[in-house]
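Descriptive structure summary
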There are 2 protein chains.
Amino acid sequence: MSRVDQKLEEIEETIHNEVPAGISISDVTFEGPELVIYTRDPKQFAQDGDLVRRLASKLRKRITVRPDPDVLTRPEDARDRIRSVIPDEAGVTDLDFHADTGEVVIEAEKPGLVIGRHGTTMREITQEVGWTPEVVRTPPIESSTVENVRNFLKQERDERRDILERIGRQIHREEMSDDQWVRITTLGCCREVGRAAFIVSTPETRVLVDCGDKPGAEGEVPYLQVPEALGAGASSLDAVVLTHAHLDHSALIPLLFKYGYDGPIYTTEPTRDLMGLLTLDYLDVAAKEGRTPPYDSEMVREAIKHTVPIEYGDVTDISPDIKLTLHNAGHILGSSIAHFHIGDGLYNIAFSGDIHYEDTRLFNGAVNEFPRVETLVLESTYGGRNDYQTDQEDSEEKLKEVINDTYEKGGKVLIPAFAVGRSQELMLVLEEAMRSGDIPEMPVHLDGMIWEATAIHTTYPEYLRDDLRDRIFHDDENPFLAEQFNHIDGGEEERQEVTDDDPSIILSTSGMVTGGPIMSWLEHLGSDPDSKLVFVGYQAQGTLGRRIQNGWDEIPVGNDAGRSDTMKMRMDVETVDGFSGHADRQGLENFVKTMSPRPEKVLCVHGDESSVQDLSSALYHEYNMRTFAPKNLETFRFL
Amino acid sequence: MSRVDQKLEEIEETIHNEVPAGISISDVTFEGPELVIYTRDPKQFAQDGDLVRRLASKLRKRITVRPDPDVLTRPEDARDRIRSVIPDEAGVTDLDFHADTGEVVIEAEKPGLVIGRHGTTMREITQEVGWTPEVVRTPPIESSTVENVRNFLKQERDERRDILERIGRQIHREEMSDDQWVRITTLGCCREVGRAAFIVSTPETRVLVDCGDKPGAEGEVPYLQVPEALGAGASSLDAVVLTHAHLDHSALIPLLFKYGYDGPIYTTEPTRDLMGLLTLDYLDVAAKEGRTPPYDSEMVREAIKHTVPIEYGDVTDISPDIKLTLHNAGHILGSSIAHFHIGDGLYNIAFSGDIHYEDTRLFNGAVNEFPRVETLVLESTYGGRNDYQTDQEDSEEKLKEVINDTYEKGGKVLIPAFAVGRSQELMLVLEEAMRSGDIPEMPVHLDGMIWEATAIHTTYPEYLRDDLRDRIFHDDENPFLAEQFNHIDGGEEERQEVTDDDPSIILSTSGMVTGGPIMSWLEHLGSDPDSKLVFVGYQAQGTLGRRIQNGWDEIPVGNDAGRSDTMKMRMDVETVDGFSGHADRQGLENFVKTMSPRPEKVLCVHGDESSVQDLSSALYHEYNMRTFAPKNLETFRFL
Ligand SMILES: [Zn+2]
Ligand SMILES: [Zn+2]
Ligand SMILES: [Zn+2]
Ligand SMILES: [Zn+2]
Ligand SMILES: [Zn+2]
């Protein structure tokens, strides 16, 4: 008998001793990091509201209880009884029965009302019909991404269960080594912004953290081909952890599956959906620009199929010697700080991903309290000695001034923005400014994937700032539904109309002017001296955005096939820098200074060479930590 | 046509343009790093004494010219004519004709007389018979190791030529990467003495430097199994470089072939032979102690077969972007500092191996002048702040006192010594002391492999200190042939006789009292309070030698099968520390201080934790270099 089967037998024994007589246990399996208990008496099981919690604490596992398929009520009968248990205000939009696992997926506008206080309504459903409910939110704004992901996962349910079972057995395999060490290998994102990719390794486990591309630097991908990365094959990785969906962290995750990776991707649920959206767009852009994309959309689907979503704060076994916990990073929807607890109290590493330390309109500020952390891998986008940004409040004032000025001249305000994060933050600013009369009511056009990204935000309000979450729960207060917002879905024709029309504000991707509809907007508006181009986010070296910011005034124009001409920019260029999704130098210092516990070592990454050096040196001198500004392709050993 | 064949064609073209009309070139091939030119006119080729040098400088290659097999004189005819060209005093002991390559191997007691001034005699031979002479020395003291290696290589000549041709094509393959970086990965020997193993890597090339075991720490082998080492298979290495034959650098070289390595080992010729001797002994010892050796003797033969010997100072292409030069390290016979020139002036790394900076009786001091060096990887055995050793002169005085005292008491002097290096140094000290009357004439017994190792030393006098070399060339002055020296080849019986006999000196392996005949000598002499145990070399942590040095007085005794008993030590223990083959702290500092050019970075390795830390910190503060005390399993990037 394998070690895993032996472990499962011991667990089954423990469960038998714990559950009241009369409740049968027909099977116990691992599905990913979770333990699944099948019972022929699901209703009785659900009666004891505390039983699952007791088992989970005893076994130190997350637990799902499912009815044995043999004892299920027929769906036709269950459907009405479920609806009668759930209050009408929950707004159930779909019920989907899966006889193989005894689960019923309930899609509702107000999932909280389906769950009930401390899960009482859920348990009531099981007591009533035996099925195990799983609750998802009906997107308040229709999102094709969310719908596609959900339909795809429904369709692949069988294979997914096999994948999860295999992952579960991998996680709970026997530890083989009696050696002890902990290492980080840098495959990208060192002394540069982009192509984030790190490996955390122990004698037992190899975990890849992020796998992104480098904006504005085609061909500079993470060093996946070196021996210590995928030299021994992609299957030498135990797990992949994705901090957030931005392409500089996620773009090459699907590529891993092309290389033969077949294991889990741990990330939050919104990050999974956003990764789907952004990587598919990444393929589109490549195709449009005549480049050969490194993988096709089938690989994006593989990535989604292999994603094991975890929630902020859940401690999850991802290998015999590593536990992962994701914490809010305050940067974009679903963005996480990845905390690795290695061995039994042996060592702890936190990867910041990208962080915003202060609260913003969209998100609570990044978490910086952990049970333990010895080494912090810290983003340094604004780590330079002069990278202090304007307060958002002042920035909002400045933006409003710019908008008012431009409005008075009859021009348009064009804002290149990442579809994900900064756009929604600006939408909140603009919605409030119009509501309070600080700027005139005028259309706010959303081009590129901004609308779709916004819809995804409203699907996961739990990941938004507390008060915003509450507003989204009430349709009439949902700021994203304000009538000024117009989704540009009519292509060039609609853009021409907007150009010819009265003053308005345009938010358009890509955020660093490296392609996408912003190119078309520049063509429409670039020669208009009354209009204004306003940068609100970080422009990486090598991007057109950075060049324009630095005074470049020639814009490539022409047809889609190949832009051969250039146009002289006549519109004003302005930078309003307080809206970044990144902590500025002060925010980074505050994050570290107030971090609990204080890390012993800090690796400064995800910044230009001077930024990582400045931050590394400042943290060393001011807070007396061992700090490093690693190069790509280095390996640090911590123990 | 492959890139290599294209290159060969270009080279052939150049040769045709360079050689006088009437000299035909029938083939040009790579054999390892050398270029081999076949000609149907070997005699005419040899007439122009400068032609080969001109070609070598033009092509920047080492060149061997061989006769086309079709035009060879018959060996029976050639034999006498060769003997008539070579002066009788050369002492030719064997002629061996190889028709496949047109080479004749001439073994002679005085190879210099076969070569002639600037190679004139060699060229004369070719002009006379057409064959290409290759000269080797007849060992002045018969060495079974040298004889076995030579016979084996003779027997495997065909396969060896295939191997060399494959290596040659590998070296001259096309460069594939346009990336530029240089890295060192530490697989052992960091913050410890033993299991030396480092990888130098570029986008193009991966070279393993040394592959040793750790004395006194069974099971602690280099981290070969991590992905960045052999994770992608042993064939992912382009080359192995061996600095010297000590087992902490060489023991696991044969293991690489068991793992599927099939490439070259670059090292000096004496190191190749000593490696054969020491690794075969390593297998013997393991077998005697009932351990399973990690490989068998077949793998030692593979290692020898794949060795490409190079001489001090020869600049050798070992891959498309790396040139290797070995320099005298002053440590043991054939020991080298390995200098890597990477790219076209891109970066230079020197691995010190083990060094002795001052001249000793046996060797010239370590070379520390190089064309360029940016990073030095420096041994730190005696790098600790207090690791200053007595001058060898004072040590010799002390040793002579100890010997005289013990002689007067009628006791024996027992010296555990490495077979290779320290033993020969002591032999020179003792021979001179007896010759000059400083100590009484008495037998010096050599046990373990010391005799054999000494024989190997006399085979390669070019690797010994200048004046010693000259003495060896004259039989009557060869100090190793002095009559006091007695080879213990009668086993326990002879040891008992020596024990019962008059005062004498015994040199015996192993040098750190970890096994070998020294164990038996301790059993014979350990209880004799009139005898003395004298340590003259470094005793690593965890070895019995170190424990005895620290006051431990229980010696394991018993039968070969399993030592179960212990015996109380009653003999005096003395340490005379000036004979080390290693530079002491002062020597290490002098090596670095006077090094030309000054390296930018120094990695301190091959020392206990405190030694590497002390040395690293001292070099940083005193000489203002960036210094490191790496851990095992780290990767440093330099460019
Ligand atoms: Zn980001
Ligand atoms: Zn980022
Ligand atoms: Zn032969
Ligand atoms: Zn050595
Ligand atoms: Zn050594």
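What you are looking at is a predicted structure, and each value in this text was computed from that prediction instead of being measured. (Residues numbered from 1 in each chain as written. Chains lettered and ligands numbered in written order. Predicted model: local features only at pLDDT ≥ 70, side-chain atom pairs only at ≥ 80, totals over all residues. Heavy atoms only, no water.)

1. Some details on the overall build of chain A
Of the regular secondary structure elements, chain A holds 22 helices and 28 strands. Principal-axis analysis of the C-alpha atoms places the extent of chain A at approximately 80 × 55 × 45 Å. Looking at chain A as a whole, 60% of its 639 residues are labelled buried. If you sum the accessible surface of chain A, you get close to 24,700 Å²; carbon and sulfur atoms cover 43% of it. Of the side-chain charges in chain A, 65 are positive and 118 negative, and the distance between the mean point of each set is 5 Å. (Helix = DSSP H or I, 4+ residues; strand = E, 2+ residues; numbered from the N terminus. Buried < 20%, exposed > 50% of the residue type's maximum accessible area, 1.4 Å probe, protein only. Areas by Shrake-Rupley, 256 points an atom, 1.4 Å probe, with all protein chains shown as cover. Lys, Arg positive; Asp, Glu negative; His and termini not counted. Charge placed at Lys NZ, Arg CZ, Asp CG, Glu CD.)

2. Some words on the relation of the copies chain B and chain A
When chain B is fitted onto chain A, the two copies agree to an RMSD of 0.1 Å after a turn of 180° and an axial shift of 0.1 Å. With respect to symmetry, the two chain copies, as superposed, fit the operation of a two-fold axis. Comparing contact sets, 100% of the residues at the interface of chain B also lie at the interface in chain A, consistent with an isologous, same-surface contact. (Least-squares fit on C-alpha atoms with pLDDT ≥ 70 in both. Contact = heavy atoms within 4.5 Å.)

3. Re the coordination of the zinc ion (ligand 1)
All names here are of chain A. Taken together, His244 (NE2), His246 (ND1), His331 (NE2) and Asp354 (OD) make up the protein donors of the zinc ion (ligand 1), found 2.1 to 2.3 Å from the metal. One can describe the donor arrangement at the zinc ion (ligand 1) as irregular, given that its four donor atoms subtend angles of 87 to 162° at the metal. One chain supplies every donor for the zinc ion (ligand 1), spaced along it as H-x1-H-x84-H-x22-D. Here the zinc ion (ligand 1) and the zinc ion (ligand 2) are spaced 3.3 Å apart, linked through aspartate 354, which binds each one. With histidine 244 in the loop between strand S10 (239-241) and helix H10 (247-250) and aspartate 354 in the loop between strand S16 (347-351) and strand S17 (375-379), the pair connects residues that are 110 residues apart, well separated along the chain. We classify aspartate 354 as buried; its relative accessible area is 1%. (Donors = N, O, S within 2.8 Å, 3.2 Å for Na, K, Ca; no water. Tetrahedral: all angles 85-135°; square planar, octahedral: opposite > 155°, others 65-115°.)

4. Describing the packing of helix H15 (residues 422-435) of chain A against helix H16 (residues 450-459) of chain A
All names here are of chain A. For the pair H15 and H16, interaxial distance at closest approach is 9 Å and the crossing angle is 80°. Comparing the axis directions of H15 and H16 gives the class roughly perpendicular. When H15 is examined against H16, the residues Ser423, Gln424 and Met427 are found in contact with a partner set consisting of Ile450, Ala453, Thr454 and His457. Taken together, the residues of the contact of H15 with H16 sort by class into three nonpolar, four polar and no charged. (Axes fitted to C-alpha atoms, helices over the stretch in contact; angles between N-to-C directions. Parallel < 35°, antiparallel > 145°, perpendicular 65-115°, else oblique. Nonpolar A, V, L, I, M, F, W, Y, C, P; charged D, E, K, R; others polar.)

5. Some thoughts on the packing of aromatic side chains
Applying the stated criterion to the full structure yields 22 aromatic pairs over all chains. When the centroid spacing of 6.4 Å and the interplanar angle of 85° are considered together, the rings of Tyr460(A) and Tyr463(A) count as edge-to-face. Owing to a relative accessible area of 5%, Tyr460(A) belongs among the buried residues under this scheme. Relative to Phe638(B), the ring of Tyr347(B) lies with its centre 5.7 Å away and its plane at 20°, an arrangement referred to as stacked. Residue Tyr347(B) is located in strand S16 (residues 347-351), and its partner Phe638(B) is located in the segment after strand S28 (635-637); the two are separated by 291 residues in the primary sequence. Tyr347(B) gets classed as buried once you look at its relative accessible area, which sits at 3%. Under the relative-accessibility criterion, Phe638(B) is labelled buried at 7%. (Phe/Tyr/Trp six-rings, centres within 6.5 Å; stacked < 30°, edge-to-face > 60°.)

6. Overview of the sheet that holds strand S21 (residues 505-508) of chain B
Residue and element names in this part refer to chain B. With parallel pairing, six strands are arranged side by side in an open sheet as S20-S19-S21-S18-S22-S25. The open sheet has two edge strands with one neighbour each: strand S20 (485-487) and strand S25 (572-575). The average angle at which neighbouring strand axes cross in this sheet is 25°, direction not considered. Across four bridges, the pairing between strand S19 (residues 444-447) and S21 is parallel. Bridging from a neighbouring strand, aspartate 447 pairs with serine 508 of S21. Set on the sheet, helix H15 (residues 422-435) makes contact with strand S18 (413-416), S19, S20 and S21; between it and S21 the angle comes to about 165°. (Pairing = 2+ DSSP bridges.)

7. Some thoughts on helix H21 (residues 585-593) of chain B
All names here are of chain B. The buried fraction of H21 is high, at seven of nine residues. Inspection of H21 places Arg585, Gly587, Leu588, Glu589, Asn590, Phe591 and Val592 among the buried residues, and these make up the whole buried set. Where H21 is buried, its residues touch strand S15 (336-342), strand S17 (375-379) and helix H22 (609-623).

8. Some remarks on the UniProt feature "binding site: Zn(2+) 1" (unreviewed entry) in chain A
Residues and elements named next belong to chain A. Under the local residue numbering, the UniProt record ascribes the feature "binding site: Zn(2+) 1" (unreviewed entry) to His244, His246, His331 and Asp354. Considering the C-alpha atoms alone, the annotated residues occupy 111 residues of sequence yet fold into one spot, their largest mutual distance being 10.0 Å. Classification of histidine 244 as buried rests on a relative accessible area of 0%. With near-sequence residues (within four places) excluded, histidine 244 lies in contact with Asp210, His249, Ser250, Thr271, His331, Ile332, Ser335 and Asp354. Separated by 3.1 Å, the side chains of histidine 244 and threonine 243 make a polar contact. Residues in contact with aspartate 354, not counting those within four places in the same chain, are His244, His246, Asp248, His249, Ala329, His331, Glu379, His582 and His606. (UniProt positions renumbered as here; feature names shortened; annotations may be inferred. Polar contact = N/O pair within 3.5 Å; in protein donor to acceptor, adjacent residues only side chain to side chain.)

9. A short note on the packing of helix H12 (residues 269-288) of chain B against helix H13 (residues 297-305) of chain B
Any two packed helices are characterised by the angle at which their axes cross and by the distance between the axes. All names here are of chain B. Their axes nearest at 10 Å, the elements H12 and H13 cross at an angle of 170°. On the basis of the axis angle, H12 is roughly antiparallel to H13. For the pair H12 and H13, the contacting residues are Arg272, Met275, Gly276, Thr279, Leu280 and Leu283 in the first and Ser297, Val300, Ala303 and Ile304 in the second. Residue composition of the contact of H12 with H13, by class: six nonpolar, three polar and one charged.

10. Quick look at the environment of Phe198(A)
All names here are of chain A. Tracing the sequence through the fold places phenylalanine 198 in strand S8 (residues 197-201). Along the sequence, phenylalanine 198 and aspartate 88 sit 110 residues apart, while their C-alpha atoms lie 48 Å from each other. When near neighbours in sequence (up to four residues on either side) are disregarded, phenylalanine 198 contacts Ile184, Thr185, Thr186, Gly188, Cys189, Cys190, Val207, Leu208, Val209, Asp210, Phe351 and Val605.

11. Some remarks on the domain arrangement of chain A
Residues and elements named next belong to chain A. Looking at chain A, the domain boundaries give domain 1 (3-159), domain 2 (183-386 + 582-637) and domain 3 (392-579). Here the C-alpha centroids of domain 2 and domain 3 sit 28 Å apart. Listed as interface residues are 31 residues of domain 2 and, on the opposing side, 35 residues of domain 3. Here domain 2 meets domain 3 over a buried area of about 2,800 Å², counting both sides, of which 60% is carbon and sulfur. Its largest share of buried area at the contact with domain 3, domain 2 owes to Leu333, Arg361 and Leu362, together 29% of the area lost on that side. In this assembly, domain 2 and domain 3 are joined by three salt bridges. We note a salt bridge from arginine 361 to glutamate 432, for which the minimum N-O separation is 3.1 Å. Connecting domain 2 to domain 3 are 12 residue pairs in polar contact (both at pLDDT 80 or more). (Domains from an automatic or database assignment. Buried area = accessible area lost by both parts, 1.4 Å probe. Salt bridge = Lys/Arg side-chain N within 4 Å of Asp/Glu carboxyl O.)

12. Considering helix H14 (residues 392-409) of chain B
All names here are of chain B. Taking 1.5 Å of rise per residue, 18 residues should cover 26 Å, and H14 covers 25 Å from first to last C-alpha, within 8% of that figure. Residues of H14 that are buried sit in contact with S18, H15, S21, strand S22 (532-535) and S25. Following H14 by one or two positions, glycine 410 adopts a phi angle in the positive range, close to 80°. (Expected span 1.5 Å × (residues − 1).)

13. Here we look at the sheet that holds strand S1 (residues 25-31) of chain A
Residue and element names in this part refer to chain A. One open sheet accounts for three strands, arranged S1-S2-S3; its pairing is mixed. Each of the sheet's edge strands pairs with one partner strand only, and the pair in question is S1 and strand S3 (62-67). Across this sheet, the average inter-strand angle for adjacent strands is 20°, counted without regard to direction. Across six bridges, the pairing between S1 and strand S2 (residues 34-39) is antiparallel. The partner of threonine 29 across the bridge, within S2, is valine 36.

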